[in-house]
Amino acid sequence: MLVKKIFVYGSLRSDMFNYNIYLNGKVKSSKKGYINGSLYHLDNKGYPAVVKGNKKILGELMELNDFEATLKELDYMENYQLDGFNNEYNRNEVDVTLLDGSIEKAYFYEYNKDAEINKDDILISIECGDWKEYISNK
């Protein structure tokens with residue numbers, strides 16, 4: 001099955017700053033949900049990062065009007081290139097659990113901790129699993 005949705009957990013969420021730049025007017029539907037992973041705040045960059053883990057990370061599953069065109073813009077924003085070795089984030093598939101318990105597949109951007117571009121990053125663990133909540137209490 002071809003993945004045609006994205007899961008966003010940080011600045012692309014519907015009331016955050018990058019939503020207005022990259023997604024406003026391009027989202028067909030949005031549902032709250034979560035993925036499993038470990039969530040961090042990149043203190044030197046001001047945005048979040050997810051790596052493999054088993055904590056719940058809150059965000060939104062979005063269906064886009066023009067999936068391919070919007071995905072290209074998001075890839076650029078996330079410093080992701082297909083087969084790129086030094087990507088800041090890699091676009092991967094993930095299972096998203098929605099509030100009703102159903103599970104859908106989506107793409108999300110996973111932090112590439114091995115990339116040269118990220119070697120000096122300062123990662124602060126976000127135990128609550130919600131970057132938006134973390135940022136608003138900071």
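Residues numbered from 1 in each chain as written. Predicted model: local features only at pLDDT ≥ 70, side-chain atom pairs only at ≥ 80, totals over all residues. Heavy atoms only, no water.

The name that an unreviewed UniProt entry assigns to the protein chain is Gamma-glutamylcyclotransferase AIG2-like domain-containing protein, with the source organism given as Paraclostridium benzoelyticum.

Asker: What am I meant to see in the pairing of strand E2 (residues 27-42) here?
Answerer: Across a regular strand the side chains alternate sides, sitting on one face of the sheet and then on the other. Note that E2 and strand E3 (residues 47-64) share 15 bridges and pair antiparallel. Along E3, the bridge assignment pairs tyrosine 34 with leucine 58. In sequence, E2 turns back onto E3 through a hairpin of four residues, with glycine 46 there showing a positive phi of about 85 degrees. The sheet contact formed by E2 and strand E4 (residues 89-98) spans two bridges and is antiparallel. Across the sheet, the residue bridging to glycine 33 is leucine 98, located in E4. (Pairing = 2+ DSSP bridges. Helix = DSSP H or I, 4+ residues; strand = E, 2+ residues; numbered from the N terminus.)

Asker: What exactly am I supposed to notice about the packing of aromatic side chains here?
Answerer: Where two aromatic rings form a pair, the distance of their centres and the angle of their planes describe that pair. On inspection of all chains with the given rule, the structure shows five aromatic pairs. Each ring, one from tyrosine 47 and one from tyrosine 89, has its centre 6.4 Å from the other, and the planes form 45 degrees; the classification is tilted. Here tyrosine 89 lies in strand E4 and tyrosine 47 lies in strand E3, a separation of 42 residues in the sequence. Exposure remark for tyrosine 89: the relative accessible area of 2% places this residue in the buried category. Between phenylalanine 67 and tyrosine 107 the ring centres are 6.3 Å apart and the planes differ by 20 degrees, which places this aromatic pair in the stacked class. Of the two residues, phenylalanine 67 is situated in helix H2 (residues 67-77) and tyrosine 107 in strand E5 (residues 103-111); the sequence distance between them amounts to 40 residues. (Phe/Tyr/Trp six-rings, centres within 6.5 Å; stacked < 30°, edge-to-face > 60°. Buried < 20%, exposed > 50% of the residue type's maximum accessible area, 1.4 Å probe, protein only.)

Asker: Help me out: how do you make sense of the UniProt feature "domain: Gamma-glutamylcyclotransferase AIG2-like" (unreviewed entry) in the protein chain in this one?
Answerer: This chain's UniProt record puts "domain: Gamma-glutamylcyclotransferase AIG2-like" (unreviewed entry) on residues 6-132. Regarding residues 6-132, the helix share stands at 15% and the strand share at 46%, and the terminal C-alpha atoms are separated by 18 Å. (UniProt positions renumbered as here; feature names shortened; annotations may be inferred.)

Asker: Whenever I open this one, the environment of aspartate 120 confuses me. Can you help?
Answerer: Summarising the element assignment, aspartate 120 is placed in the loop between E5 and strand E6 (123-125). Counting along the chain gives 13 residues from aspartate 120 to tyrosine 107, while the straight-line C-alpha distance between them is 26 Å.

Asker: So what exactly am I meant to see when it comes to the nonpolar core here?
Answerer: The nonpolar side chains of soluble globular proteins are, as a tendency, buried together. Residues Ile6, Tyr9, Leu23, Ile35, Met62 and Val96 are the most contacted members of the largest nonpolar core, which totals 37 residues. Those elements that provide at least two residues to this core are strand E1 (5-8), helix H1 (17-22), E2, E3, H2, E4, E5 and helix H3 (131-136). Not counting chain neighbours up to four residues away, the residues in contact with methionine 62 comprise Lys5, Ile6, Val8, Leu12, Arg13, Ser14, Tyr19, Leu23, Val27, Ser29 and Ser30. (Core = buried A, V, L, I, M, F, W, Y, C linked by side-chain atoms within 4.5 Å. Contact = heavy atoms within 4.5 Å.)

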